Amino acid sequence: MRAAVLRDGRMVYRDDVPEPVPGPGQVLVDVRACGICGSDLHFAAHGDEVMSMTARVAGGGGGMTVDLGSDVFMGHEFSAAVLEAGPDTQAPAPGTLVTSIPVLLSAKGVEPIVYSNSTMGGYAERMLLAAPLLLPIPNGLDFRHAALTEPMAVGLHAVNKSNVAPGETALVLGCGPIGIAIIAALKLRGVETIVAADFSPKRRELAATMGAHRTLDAAQGSPFDSVKPAVVFEAVGVPGIIDDVLLRARPGTRLVVAGVCMQADTVHPFFAIAKEINVQFVLAYNPEEFGESLRALAEGDIDVTPLITGEVGLEGVGQAFDDLADPERHCKILVTP
């Protein structure tokens, strides 16, 4: 079977990957599309750091274990078509288009479909999914668009955690894929004033297309010089941003941190204490939010067409990882095996 795998920090093409075989409760699917996520790019470049930090969060001995000296399977933003079910497994009919939260249930327990030496991800011709977690793609939704259910759910979760009200002003710092997903979710929530800030003209243009009412060039000064938001979404993920927000935001601001910063950072708690700023860190989504995002796409409430800026086969995944480093060229590249 064909797949793109991470080997020595680079995505390489293979045509000799063993065919996955569905066990009880599992379904073999034909991958139709898989989005390349920023977290995949980061793992390719800094896999050792990601695994070290993950081990620390898990207490040093548990959690996800990946041997970076062996090939690593990735790809967690996917849509697929059902091929066959495992023994004693009820599943949608063959040919049914589906998506799922990226988790495989097996005799070993819960296996995240994110980085693994054994559990296949969406950068492959075929993969296994858990039958109980499958969501049929409704309303004739394009399978390419359905593959973006996962990142859209990340944005929805951040917005849900913020408790933002329609009449409040929301400021989104960073207009990469997660910032864009937050903007789409804010628009879906009916927020009347959405402001987005980024250095990239292309990303600011995309933010406006996806629902931002106003965009700001981060190179032209602090967004807080002209905006007094009730809620700030940090989707940059670099050191110094959180502390700057705490310093500049008005009293009572709610800060939602969605950007994944892997470096040590420094904040001045006094800034937040003096202004009683509420800080909420967020990660991923719950199954209900994943399903809600799929419905929003299928019903036309969110149009992700502008996000898809490229499409490659499995042979082109390595080049696509390189190309995504340029924000003026790409937002989301889909892999279509």
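Residues numbered from 1 in each chain as written. Predicted model: local features only at pLDDT ≥ 70, side-chain atom pairs only at ≥ 80, totals over all residues. Heavy atoms only, no water.

Some details on unusual backbone geometry
Most peptide bonds are trans, and most residues other than glycine sit at a negative phi. Applied cut-off: Helix numbering and strand numbering both begin at the N terminus, where a helix is a DSSP run of H or I of at least 4 residues and a strand a DSSP run of E of at least 2.
Not every positive phi belongs to a glycine, and asparagine 139 is a case in point at roughly 60°. Within the secondary structure layout, asparagine 139 lies in the loop between strand 11 (135-136) and helix 2 (143-146). The phi torsion at glutamate 276 lies on the positive side, around 50°, for a residue other than glycine. Residue position: glutamate 276 is located in the loop between helix 7 (269-275) and strand 17 (278-281).

Topic: the UniProt feature "domain: Alcohol dehydrogenase-like C-terminal" (unreviewed entry) in the protein chain
We apply this condition: UniProt positions are given in the numbering used here, feature names are shortened, and annotations may be inferred rather than shown by experiment.
When the UniProt feature table is mapped onto this chain, "domain: Alcohol dehydrogenase-like C-terminal" (unreviewed entry) is found at residues 177-298. This span, residues 177-298, is 41% helix and 18% strand, and a straight line between its end C-alpha atoms measures 19 Å.

Brief notes about the side chain of lysine 332
The criterion, for reference: Exposure categories follow from relative accessible area, calculated using a 1.4 Å probe and restricted to protein chains: below 20% of the type maximum is buried, above 50% is exposed, and the middle band is partly exposed. Any pair of N or O atoms that falls within 3.5 Å is considered a polar contact. Within protein, one atom must be able to donate a hydrogen and the other to accept it, and sequence-neighbouring residues count only if both atoms are side-chain atoms. Here, residues are in contact when the closest pair of their heavy atoms is within 4.5 Å.
Mapped onto the elements of the fold, lysine 332 is located in strand 19 (residues 332-335). Of the residues examined, lysine 332 reaches a relative accessible area of 2% and is grouped as buried. Within polar-contact distance, the side chain of lysine 332 engages the side chain of glutamate 77 at 2.9 Å. Among residues more than four places away in sequence, those in contact with lysine 332 are Gly35, Ile36, Cys37, Glu77, Leu148, Pro177, Leu307, Ile308, Thr309 and Gly310.

A few points about the pattern of salt bridges
Counted only if it meets this: Salt bridges are identified by distance alone: a Lys or Arg side-chain nitrogen within 4 Å of an Asp or Glu carboxyl oxygen.
With the rule as written, the count across this model stands at 16 salt bridges. One salt bridge in this structure joins glutamate 125 and arginine 2, with 3.5 Å as the shortest N-O distance. Separated by 123 residues along the polypeptide, glutamate 125 in the loop between strand 9 (115-116) and strand 10 (126-130) and arginine 2 in the segment before strand 1 (3-7) bring together distant segments of the chain. Residue aspartate 71 pairs with arginine 7 through a salt bridge whose shortest N-O separation is 2.8 Å. In this pair, aspartate 71 sits in the loop between helix 1 (38-57) and strand 4 (73-74) while arginine 7 sits in strand 1, placing the two residues 64 residues apart along the sequence.

Quick notes on helix 8 (residues 287-298)
Under the convention used in this document: Here the expected span of a helix is defined as 1.5 Å times the quantity of residues minus one.
Taking 1.5 Å of rise per residue, the twelve residues of helix 8 would be expected to cover 16 Å, and the 17 Å separating its terminal C-alpha atoms lies within 8% of that figure. Along helix 8, the residues classified as buried are Glu289, Phe290, Gly291, Ser293, Leu294, Ala296, Leu297 and Ala298. Buried residues along helix 8 sit in contact with strand 6 (97-99), strand 11, helix 2, helix 3 (149-162) and helix 4 (177-189). Near the N-terminus of helix 8, the side chain that reaches the backbone nitrogen of glutamate 288, with its oxygen 3.1 Å away, is that of asparagine 286. Note on helix 8: the residue one or two positions beyond its end, glycine 300, has a positive phi of about 80°.

Some remarks on the pairing of strand 5 (residues 77-85)
Test applied: Here the rule is simple: two strands pair whenever DSSP picks up at least two bridges between them.
By the bridge criterion, eight bridges tie strand 3 (residues 26-35) to strand 5 in an arrangement that is antiparallel. Within the sheet, the bridge partner assigned to glycine 35 lies in strand 5 and is glutamate 77. Pairing analysis gives two bridges linking strand 5 to strand 6, with the strands arranged antiparallel. By the bridge assignment, alanine 80 is partnered in strand 6 with valine 98.

Things to note about the pairing of strand 7 (residues 103-106)
Of the strand pairs in this sheet, strand 7 and strand 8 (residues 109-112) are connected by four bridges, and their pairing is antiparallel. In the strand pairing of strand 8, serine 106 is matched with glycine 109. Counted along the chain from strand 7 to the antiparallel partner strand 8, the turn is two residues long.

Some words on the domain arrangement of the protein chain
Accessible area lost when the parts come together is the quantity often used to give the size of an interface. Heads up, the rule is: Residue ranges assigned to the domains are those given by an automatic or database domain assignment. Two parts placed together each lose some accessible area; with a 1.4 Å probe, that loss summed over both constitutes the buried area. As a working rule, the residues Ala, Val, Leu, Ile, Met, Phe, Trp, Tyr, Cys and Pro are called nonpolar, Asp, Glu, Lys and Arg charged, and the rest polar, with Gly in that last group.
Once the domains are mapped, the protein chain shows domain 1 (3-136 + 305-335) and domain 2 (151-281). For domain 1 and domain 2, the distance between their C-alpha centroids amounts to 29 Å. Tallying the contact residues gives eleven residues for domain 1 and 13 residues for domain 2. Taken over both partners, the interface formed by domain 1 and domain 2 buries close to 1,100 Å², and the fraction arising from carbon and sulfur atoms is 71%. Viewed at the interface, domain 2 and domain 1 are joined by zero salt bridges. Along the contact surface separating domain 1 from domain 2 lie two residue pairs in polar contact (both at pLDDT 80 or more). Among the elements that line the side of domain 1 that touches domain 2, the one with the most residues is helix 1, at four residues. For the side of domain 1 that touches domain 2, the residue count by class is six nonpolar, one polar and four charged.

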